[in-house]
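Survey of secondary and tertiary structure
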Amino acid sequence: LEAVGRPGEFEPVVLDSAEAFRCYCDDLFGTDERGLLAFEHFLAYREDVEAAAPVEADVLACGLSAAPAALDEWARVRDAWDALEGHYEDADRPPHTLPASCFRELCYDCRLTLTEEECDMCWRVHVRKNGLMVELREEYKHKHRFGFHQPSSVTSDAAFVYKDAFVAWWFAGRAHEKRAYFREKATGSLLGLRSFLRGAFTMGRRGYERVKRAVDRGLLDKVKLAMVKERLATLDFSFEVGDEGKDLQDEEGKIGVEIDVEHGDDATSTKAKLQVPSQCAASVSIDLPAREDADPDEVRRLRKDLKLFLDKYVVPHVQELTPGFQQVRVVKVLPYVPPEDDAAASKKKFNTPEPVDEDEEDEPETIRVQFLWKSEANVDYFLRRRVGLGLGLASLLPEFACSLRCATPLEDLLENTRVVVGAPDFSLRLAVHAIYARSVLHRVGEEVLHARDEDAALKKADRDGRQLAHARALRRSVESHGALLKEGERPIAGITGYEAPAVNVSKAREAFDTAEAKVTRGLLWGFVRWLGSTKAQKLDLSFRDLRECILGSPAVLARVPATWLPALRALLESRGGVAKWWHRVQSTMEEELGDLWGEVEGVEGAIQARADAIVQAELDAWNALDAEERRRRTFEREKQALEAKILKAEVDAANRKLGIEPDDPKKKKKDGDESEEEEAPEDEGEVDFVRRLRKRHAKTQRRVLEMYRRATSLVYGVSQITLHSNATKVEVALEGLDLFAELP
């Protein structure tokens, strides 16, 4: 009843005891011999409340769908297509098409995860099917008189994905291959990153347009905002679960997450501390501390592997979807030396250098992965100039700090079978402190919500106008052609001139969406009003244990899927629930990693066996030749090699005259540049195409698996994440989360 939004349907006296509820239901709907509601009794209850609470509305309130599975899948494909088509707008592209490079991304948004090689294979088959259908349509036009009345926008052009052809392929009874869980997640991780960046960019652009519109209309004036920027508010929030005394104990290995926002005065010193180049305006840094016993050569190899992996698989997505992206770096963290004044520097010049501490040299290395952006990504510049607010991030959020602490070490949590997460001795503490510009954020939030309401009102007015125009045209057509229409007939759009608005959802679904939009609007407006009306607020939540916090709240349980409840209860209530779950995760990962290594070694063995067979066949053919033929072929090979060498020398000399330095193959091999891929020949057959894809896939898998093996054996995990924009720095410090040490 809480889940469907009717917690007060029964009187409290009915729900106070199981006996009262059983008697009440037996009188109205009947019960079985055990005093429980069977299906026929629940059906009688549904018939009794159907008029006031339709079953479709209850199903939608529970987060389920009342439509058939095929219709839900079609709606998902339609929404995914519309989202991608809106993101990749291009006036030169044919209508209802997407670039061919979006095929894999489109499949992922439709909940089909493909590897790069599987995508190439599916796309090759898909394009051939399109070409075959084009030929069939042309043949149909020649054979049938009215064939030209059935045009189609789908062609055999491999540069585009056609909407009709994709939907037809999607529902054409494809073979659904079941992939292992972690392999599925790893394959779709980069696509998920791309989908997240696309969604964040779309949402940010929508918010920017609304705020910019308010600034251009004079609804938000930077002078007036500067006058009220000093009106600040303070928020203190604490969330406590479990024994406070255990949390105060100074134990090693505690789990902690600290988030701190720091506004500096000098952007140069902030960049110097983070080892960020001076020309970069924003960056994201991820620190990975190495283990004490890690081999320095292996750590350097891991840095190189990370750089190659990020350049090939991550940078293209980030560069395309985030404006102003510059590069990614994988560097070694160096100790920060603060700059000295000129007098101290000149005095130090004549003194003996300070000795280097041997302990500092023996400290383990820390790998830092940095994503760098140019000035377009500067948050202060964006807020002040592009949006036009005239205020920076330091004025909107002067202070922010968040701390999450857990007294149980990660090793005990994942390995100790005596730890009960739902017991009172399990301690968890969350504290948030923030100071924000309440008046400025209140004004900006108001204008954003007003713009949101205006957009919704315009859409509703347009939809209602179309519906009224169609109803009026339909009424006039009925009055004019009433004598010519049979009973029950209505004029079609060609007669009325107005197409009826499409009905894509049921009335219950429409009412549910309207109610959800109303609730969302109320929550947003309530939050904005709270921002402007509260000067200081302190909120403390305390629970005896985690079980009481989650399982003891009907409001929380109403939002938890019913299929999750048994596993959630076992995780919270059983002894060693988290350790047992982690043991299952480790076993599954070990099994999948073993299967992946076996698959890679099997493909490499088949490739090597084929290469050995080709070499053996060539050797047998060479041994079958007489001495004269061998000398002639040897001379031809040496002649061709010499001609190629002379031609390369002439080309390199011509390039040097133009100022172009030729590539050094020895340097490439020394640097470990493995990014070059085998090019497809023009006359490649189907067997060679599949063989090339399998070889490329095995090479990629081996590279990723070796990088994973190095990372788990050399690195503890992520220790710190730093987001930097100009002089503002957001640090996320992770303590005790050495997750890489626990992975198989």
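Our subject is the structure that appears above.
In this report, the structure presented in the accompanying data block is examined. (Residues numbered from 1 in each chain as written. Predicted model: local features only at pLDDT ≥ 70, side-chain atom pairs only at ≥ 80, totals over all residues. Heavy atoms only, no water.)

What follows is about the overall build of the protein. Summing up its helical and strand segments, the protein has 29 helices and twelve strands in all. Taken across its 744 residues, the protein has 31% of its residues classed as buried. For the protein, the proportion of contacts with a sequence separation of at least 24, taken over those separated by at least 6, is 79%. (Helix = DSSP H or I, 4+ residues; strand = E, 2+ residues; numbered from the N terminus. Buried < 20%, exposed > 50% of the residue type's maximum accessible area, 1.4 Å probe, protein only. Contact = heavy atoms within 4.5 Å.)

A separate point is the packing of aromatic side chains. Using the criterion set out here, one finds 20 aromatic pairs in the structure. Seen from their ring centres, Tyr208 and Phe382 are 5.4 Å apart, and the 40° between their planes marks the pair as tilted. Remark: Phe382 occurs in helix α17 (residues 379-387) and Tyr208 occurs in helix α10 (residues 189-216); sequence separation between them is 174 residues. Here Tyr208 falls in the partly exposed class, since its relative accessible area comes to 22%. Cluster of aromatic residues (ring-pair linked, three or more members): Phe10, Phe21, Tyr24, Phe29, Phe42 and Tyr45. A cation over a ring is seen here: Arg386 above Tyr208, with NZ or CZ 5.7 Å from the ring centre. (Phe/Tyr/Trp six-rings, centres within 6.5 Å; stacked < 30°, edge-to-face > 60°. Lys NZ or Arg CZ within 6 Å of the ring centre and 35° of its normal.)

Spatial ordering of the open sheet is given by β6-β7-β5-β11-β12-β4-β8-β9-β3-β10, a layout of ten strands whose pairing is mixed. Looking at strand neighbours, the two that pair on one side only are β6 (325-332) and β10 (536-543), the edges of this open sheet. Direction aside, neighbouring strands of the sheet carry axes that sit 10° apart on average. Across six bridges, strand β11 (residues 720-725) lies against strand β12 (residues 728-735) in antiparallel orientation. When the bridges of β12 are listed, Ser725 appears paired with Thr728. Each of β7 (366-373), β11 and β12 touches helix α13 (residues 267-274); the most contacted strand, β11, lies at about 150° to it. (Pairing = 2+ DSSP bridges. Axes fitted to C-alpha atoms, helices over the stretch in contact; angles between N-to-C directions.)

Attention now goes to a nonpolar patch on the surface. A grouping of Leu71, Trp74 and Phe171 is seen on the molecular surface, where their side chains present a nonpolar patch of about 280 Å² in accessible area. Checked against the element boundaries, Leu71 lands in helix α5 (residues 69-87). With relative accessibility at 45%, the residue Leu71 sits in the partly exposed group. (Patch = residues over 30% accessible without salt bridge, like charges linked within 9 Å, V, L, I, M, F, W, Y side chains within 5 Å. Areas by Shrake-Rupley, 256 points an atom, 1.4 Å probe, with all protein chains shown as cover. Salt bridge = Lys/Arg side-chain N within 4 Å of Asp/Glu carboxyl O.)

In this section: unusual backbone geometry. Backbone geometry places His96, a non-glycine residue, at a positive phi of 60°. Structurally, His96 can be placed in the loop between α5 and β1 (97-99). Phi is positive for Gln275, which is not a glycine, with a value near 60°. Take Gln275: it is sitting in the loop between α13 and β5 (282-289). For Gln275, a relative accessible area of 18% translates into the label buried.

Bringing the pattern of salt bridges into the picture now. In total, this model carries 51 salt bridges according to the counting rule given. Across the salt bridge formed by Glu50 and Arg46, the nearest N and O atoms sit 3.6 Å from each other. A salt bridge links Arg301 to Asp305; its shortest N-O distance comes to 3.4 Å. Taken as a pair, Arg301 and Asp305 lie in helix α14 (residues 296-321) at a separation of four residues, close to a single helical turn.

Of all hydrophobic cores here, the largest spans 27 residues; its most connected members are Leu302, Leu306, Leu310, Val369 and Phe371. Looking at this core, the elements with two or more residues in it are α10, β5, α14, β6, β7 and α29 (686-714). If one sorts the elements of this core by residue count, α14 sits on top with ten residues. Those residues in contact with Phe371 that sit more than four places away from it in its chain are Ala282, Ser283, Val284, Leu310, Val314, Phe325, Gln327 and Val328. Counting residues in hydrophobic clusters, the runner-up holds 21 residues, among them Val241, Cys406, Leu428 and Leu572. (Core = buried A, V, L, I, M, F, W, Y, C linked by side-chain atoms within 4.5 Å.)

It is worth spelling out helix α22 (residues 507-533) at this point. In this model α22 runs 39 Å from its N-terminal to its C-terminal C-alpha over 27 residues, within 8% of the 39 Å that 1.5 Å per residue would give. Phe512, Trp525, Val528 and Leu531 are the residues of α22 that are buried. (Expected span 1.5 Å × (residues − 1).)

The geometry of α10 relative to α14 is characterised by a closest axis approach of 10 Å and an angle of 10° between their N-to-C directions. Judged by the angle between their axes, α10 and α14 are roughly parallel. Residue-level inspection shows Leu190, Leu193, Arg194, Leu197, Arg198 and Phe201 of α10 in contact with α14, the latter providing Tyr313, Val314, His317, Val318, Glu320 and Leu321. Split into classes, the residues belonging to the contact of α10 with α14 amount to eight nonpolar, one polar and three charged. (Parallel < 35°, antiparallel > 145°, perpendicular 65-115°, else oblique. Nonpolar A, V, L, I, M, F, W, Y, C, P; charged D, E, K, R; others polar.)

Moving on: the pairing of strand β8 (residues 399-406). Pairing analysis gives seven bridges linking strand β4 (residues 255-263) to β8, with the strands arranged antiparallel. Of the residues in β8, the one forming a bridge with Glu258 is Ser403. With eight bridges connecting them, β8 and strand β9 (residues 428-437) associate as antiparallel partners. Residue Ser403 lies in a different strand from β9, and its bridge partner there is Ala431.

So, about the packing of helix α7 (residues 116-143) against α29. A pair of packed helices can be characterised by two numbers: the angle between their axes and the separation between those axes. Orientation of α7 relative to α29, taken along the N-to-C sense of each, is 155°, at an axis distance of 9 Å. Here α7 lies roughly antiparallel to α29, going by the angle between them. Of the residues in α29, those in contact with Glu116, Glu117, Asp120, Met121, Arg124 and Arg128 of α7 are Glu686, Phe689, Val690, Leu693, Arg696, His697 and Thr700. Looking at side-chain class alone, the contact of α7 with α29 contains four nonpolar, two polar and seven charged residues.

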